[in-house]
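# Commentary on secondary and tertiary structure
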Amino acid sequence: LDLDTMHKVVDVNLWGTIHVIKAALPHLLERPEAHIANVSSMGGFLPVPGQSLYGASKAAVKLLTEALWTELLETDVGVTAIMPGGVSTDITGNSGVVMEGQEERAADSKLPITTPADAAETILDGIEDDKLHVYVGKDAKIMGLLVRLAPKQAAKLIQRQMKSILG
């Protein structure tokens, strides 16, 4: 990625999250009950080849969310980090960061993809259950467990899977 695109990724993923929290939190603290749900990513807890900066920005969102959870423990504001794996939202096309041939290779991938409706249901259930972490999709759930049990093996597995997509 060029430097301008790198800044855009961090501005949207991290600074966008920070600005929304900063604007909303004073109002949420005045409510009898409220909840903040920040979208991290499977890439925020597992290194994904070809997505280093994206993953770093999403890891920052995950840690920011966890820290915010500790800071708001004695309030009526719940906090959840959402960590989706693959969701069929055309993120590649919508992000403006496209690698030549990536969409065709991704379409041929055997990685499990979650529908937006299933993702929304998982997220809402996690918020209602006041979970700190919500893993969205089989891929995120499996890799979330594997990265905690065997981090090097998890990274190698995702590297092999992504190799076919990255070309």
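Below or above, wherever it landed, is the structure these notes cover. Just so it is clear, the structure is predicted and the values come from calculations on it, not from any experiment.

Scanning the protein for helices and strands turns up seven helices and three strands. When its helices and strands are written in sequence order, the protein yields α-β-α-β-α-α-α-β-α-α. Element-wise, carbon and sulfur atoms account for 59% of the exposed surface of the protein, whose accessible area totals about 10,200 Å².

With that settled, consider the environment of His-7. Its place among the elements puts His-7 in helix 1 (residues 3-29). Along the backbone, His-7 and Leu-53 are 46 residues apart, and their C-alpha atoms lie at a distance of 9.6 Å.

Attention now goes to the packing of helix 1 against helix 2 (residues 52-71). Relative to each other, helix 1 and helix 2 sit at 15°, their axes nearing to 8 Å. Judged by the angle between their axes, helix 1 and helix 2 are roughly parallel. Both helix 1 and helix 2 take part in a crossing whose hand is right-handed. Residues Met-6, Val-9, Val-10, Asn-13, Leu-14, Thr-17, Ile-18, Ile-21 and Leu-25 of helix 1 form the contact with helix 2, whose participating residues are Leu-53, Tyr-54, Ser-57, Lys-58, Ala-60, Val-61, Leu-64 and Leu-68.

Glancing now at the nonpolar core. A general tendency of soluble globular proteins is for nonpolar side chains to be buried together. Within the largest apolar cluster, 13 residues are counted, with the highest numbers of intra-cluster contacts made by Met-42, Phe-45, Leu-46, Met-143 and Ile-158. If you list the elements that add at least two residues to this core, you get helix 6 (138-149) and helix 7 (151-166). Those residues within four positions of Leu-46 in sequence are excluded, and the remaining contacts are Met-143, Val-147, Ala-154, Ala-155 and Ile-158. Residues Ile-21, Ala-34, Ile-36 and Leu-68 belong to the second largest nonpolar core, which totals nine residues.

Glancing now at the packing of aromatic side chains. Two aromatic rings, taken as a pair, are described by how far apart their centres are and by the angle between their planes. Taken as a whole, this structure holds one aromatic pair when the rule is applied. Look at Phe-45 and Tyr-135: their rings are 5.4 Å apart centre to centre, the planes differ by 75°, and that puts the pair in the edge-to-face class. Here the residue Phe-45 occupies a position in the loop between strand 1 (34-39) and helix 2, and Tyr-135 occupies one in strand 3 (residues 133-136), the gap between them amounting to 90 residues. Here Phe-45 and Tyr-135 have matching classes, each one buried.

Rules of the game
Residues numbered from 1 in each chain as written. Predicted model: local features only at pLDDT ≥ 70, side-chain atom pairs only at ≥ 80, totals over all residues. Heavy atoms only, no water. Helix = DSSP H or I, 4+ residues; strand = E, 2+ residues; numbered from the N terminus. Areas by Shrake-Rupley, 256 points an atom, 1.4 Å probe, with all protein chains shown as cover. Axes fitted to C-alpha atoms, helices over the stretch in contact; angles between N-to-C directions. Parallel < 35°, antiparallel > 145°, perpendicular 65-115°, else oblique. Left-handed = near helix turned anticlockwise from the far one by under 90°. Contact = heavy atoms within 4.5 Å. Core = buried A, V, L, I, M, F, W, Y, C linked by side-chain atoms within 4.5 Å. Buried < 20%, exposed > 50% of the residue type's maximum accessible area, 1.4 Å probe, protein only. Phe/Tyr/Trp six-rings, centres within 6.5 Å; stacked < 30°, edge-to-face > 60°.

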